[in-house]
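Residue-level structure breakdown
Below, each chain spelled out in residue letters.
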Amino acid sequence: MRNDSDHDRSGSGPERPLTEKPLLPVEARRAAAWCVVALLVASVLAVGVWLCVFLSAAVTPVLLALLGSALLGPLYRRLVAMRLNRSLAAGLTCAVLLVVVGGAGYVVVSALVDTGDQIIASLKEAGQGLSKNFGMAGASLDDLASNAKSLVTRFGGEAASGLLAGVSVVGQFIAASVLALLLTFFFLRDADKAVRALHDWAPGNSGPQLERMARRGFQAIQGFMRGTTFIALIDALCITVGLLILQVPGAPGLGALVFVGAYIPYLGAFISGAVAILVAFADRGFVIALWTLGVVLAVQVLEGHVLQPMIQSRTVQMHPATVMLAITAGASVAGILGMLLSVPLTAAVSGVLHELRKHYAADSDSASDSGSGSGSGDTGPSASPTSS
């Protein structure tokens, strides 16, 4: 009786499909979902960049302190291994950092100031020589070299006229440097406390994974800073010796320019090498310019095929396109300082992403192993009861 009524009720009504057809196909919905995710990620990144620019007075010393602690971290650990107090070891490391950065800055600035007139005069002569053969390109270089001194003089006059603004800029620079030095001291001394705080604040059981990610990012910055500094020193020494042998004027200043430019991968080496070749062409002629080109190319080959594989083999290797995009983005956000900071920060982000990928790959492998193990374990016990 119940079955007949159910049959009549089901047959009396019109047939309806079990599932309604979606308005959009599966591929379109997946694309829309990925677009939403991309927009969310881009929004978060944009807000983060805006906050960094808005709070640059506090963010810049933190980033500089990270670079300083990454550069001289091994010295601090060696001092701690010698049974020195952590505060004393951190203070000595900061003193060494101050001496190294101050000494390098003094050498670079003095070399550029002493030989700047020779470099500008040689660039002007090179522009005049190129304008005879290449027209507008050489004229533009000549105008740039001619206006370099006037631009510097005008900038100095404006800075002198706006004394309060100049004092404010100098005061901000000194305050940022002092804050970066103090933060370097605390980063070195209280690294263990920071790790414990990370474990305390981490939600659930994610503390060890967050620690591994933080260590991987810091190791990437550390490897980049140490390797780039050593490579920059070797490049500057080799090119300076080559220019001195070729009797190119302003060799110390050009070597200092090579050292500074090495911290901006690809672009810095191209600019410093081009300036050296133009100076040699203007002062020593076409043959010496070719020899200078050979010296620059030999140093670049030594760096690319010997120094970087040996020194930076354990750091995060980034594609050249990624490096150039990072430099462009850093320059658009913070100028020269952004160009210098963009590459180590990109290396840190790349290291963190590599650690995340390794973590999820390990989780997927363990899940697949446990699934296959449980399946094989189910067949054995299930077979014996049924057979019995």
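What counts and what doesn't
- Residues numbered from 1 in each chain as written.
- Predicted model: local features only at pLDDT ≥ 70, side-chain atom pairs only at ≥ 80, totals over all residues.
- Heavy atoms only, no water.
- UniProt positions renumbered as here; feature names shortened; annotations may be inferred.
- Core = buried A, V, L, I, M, F, W, Y, C linked by side-chain atoms within 4.5 Å.
- Buried < 20%, exposed > 50% of the residue type's maximum accessible area, 1.4 Å probe, protein only.
- Helix = DSSP H or I, 4+ residues; strand = E, 2+ residues; numbered from the N terminus.
- Contact = heavy atoms within 4.5 Å.
- Patch = residues over 30% accessible without salt bridge, like charges linked within 9 Å, V, L, I, M, F, W, Y side chains within 5 Å.
- Areas by Shrake-Rupley, 256 points an atom, 1.4 Å probe, with all protein chains shown as cover.
- Salt bridge = Lys/Arg side-chain N within 4 Å of Asp/Glu carboxyl O.
- Axes fitted to C-alpha atoms, helices over the stretch in contact; angles between N-to-C directions.
- Parallel < 35°, antiparallel > 145°, perpendicular 65-115°, else oblique.
- Nonpolar A, V, L, I, M, F, W, Y, C, P; charged D, E, K, R; others polar.
- Polar contact = N/O pair within 3.5 Å; in protein donor to acceptor, adjacent residues only side chain to side chain.
- Phe/Tyr/Trp six-rings, centres within 6.5 Å; stacked < 30°, edge-to-face > 60°.
- Expected span 1.5 Å × (residues − 1).
- Bend = angle between axes of the 7 residues up to and from the residue.
- Left-handed = near helix turned anticlockwise from the far one by under 90°.

Looking up the protein in an unreviewed UniProt entry gives the name AI-2E family transporter, with the organism given as Streptomyces siderophoricus. Under the Sequence similarities (unreviewed entry) heading, UniProt states for the protein: "Belongs to the autoinducer-2 exporter (AI-2E) (TC 2.A.86) family." Annotation of the protein in UniProt includes, under Subcellular location (unreviewed entry), the sentence "Cell membrane".

Next up on the list: the nonpolar core. Counting 23 residues, the largest nonpolar core has I221, M225, F259, I327 and V343 as its most contacted members. Elements with a contribution of two residues or more to this core: α3 (56–81), α8 (207–245), α9 (251–261) and α12 (320–387). At seven residues, the largest contribution of residues to this core is made by α12. Filtering out sequence-adjacent residues up to four positions away, M225 remains in contact with L67, L71 and Y263. If you look at the next biggest cluster of nonpolar residues, it comprises 13 residues, including I239, V248, V258 and I288.

A cluster of nonpolar residues, V62, F173, I174, V178, L182, F186 and F187, forms a patch on the protein surface that exposes about 620 Å² of accessible area. Considering each element in turn, the nonpolar patch owes the most residues, six residues, to helix α6 (residues 163–189). Position of L182 among the secondary structure elements: in helix α6. Given a relative accessible area of 46%, L182 falls into the partly exposed group.

Our next topic: the packing of α3 against α8. α8 packs onto α3 with a crossing angle of 85° between their chain directions and a minimal axis gap of 8 Å. With respect to their mutual orientation, α3 and α8 come out roughly perpendicular. In this structure, α3 uses L66, L67, S69, A70, L71, P74 and R77 to contact α8, whose residues at the interface are F218, I221, Q222, M225, R226 and T229. Among the residues making up the contact of α3 with α8, the classes are represented as eight nonpolar, three polar and two charged.

Looking now at the environment of T240. Along the polypeptide, T240 turns up in helix α8. Taking the C-alpha atoms as reference points, T240 and P252, separated by 12 residues in sequence, lie 6.1 Å from one another. Non-local contacts of T240, meaning those with residues more than four positions away in its chain, are made with A251, P252 and G255. At 2.6 Å, the side chain of T240 and the backbone oxygen of A236 are in polar contact.

Across all of its chains, the model carries three aromatic pairs by this definition. Taking 5.4 Å as the distance between ring centres and 75° as the angle between the ring planes, the aromatic pair formed by F185 and F186 counts as edge-to-face. Owing to a relative accessible area of 18%, F185 belongs among the buried residues under this scheme. Overall, the relative accessible area of 37% leaves F186 in the partly exposed class. Considering the side-chain rings of F259 and Y263, the 5.9 Å spacing of their centres and the 80° angle between planes classify their relative orientation as edge-to-face. Taking the relative accessible area as the measure of exposure, F259 reaches 17% and is therefore buried. On the accessibility criterion, Y263 (17% relative accessible area) is buried.

In this structure, R83 is a non-glycine residue whose phi angle is positive, near 70°. Along the chain, R83 turns up in the loop between α3 and α4 (86–134). A positive phi angle, close to 60°, is found at Q247, a residue other than glycine. Looking at the element boundaries, Q247 is found in the loop between α8 and α9.

Once that is clear, we can look at the pattern of salt bridges. Evaluation of the coordinates by the stated rule reveals six salt bridges. Measuring nitrogen to oxygen at the nearest pair gives 3.8 Å for the salt bridge that ties R216 to E355. Residue R216 is located in helix α8, and its partner E355 is located in helix α12; the two are separated by 139 residues in the primary sequence. A residue is classified by how much of its surface remains accessible, and E355, at 7% relative accessible area, is buried.

To continue, consider the UniProt feature "transmembrane region" (unreviewed entry) in the protein. Mapped onto the present numbering, the UniProt feature "transmembrane region" (unreviewed entry) falls at residues 31–51, 57–76, 88–109, 163–188, 223–248, 254–279, 286–302 and 322–349. Measuring from the first to the last C-alpha atom of residues 57–76 gives 27 Å, for a span that is 100% helix and 0% strand. With 100% helix and 0% strand, residues 322–349 has end C-alpha atoms that lie 12 Å from one another.

Moving on, we get to α3. With 26 residues, α3 extends 36 Å from end C-alpha to end C-alpha; this agrees with the ideal 38 Å at 1.5 Å per step. Of all the bends in α3, the largest measures some 55° and sits at L72, one to four residues before the proline P74. Three or more residues of α3 are buried, namely T60, P61, L63, A65, L67, G68, S69, A70, L72, G73, Y76 and L79. Taken from the residues just after α3, R83 is the one with a positive phi, measuring 70°.

Their axes nearest at 8 Å, the elements α9 and helix α10 (residues 267–284) cross at an angle of 165°. With respect to their mutual orientation, α9 and α10 come out roughly antiparallel. The interaxial crossing formed by α9 with α10 has left-handed handedness. In this structure, α9 contributes L254, L257, V258 and G261 to the contact, and α10 contributes G268, A269, S272, V275, A276 and V279. Tallied by class, the residues present in the contact of α9 with α10 amount to seven nonpolar, three polar and no charged.

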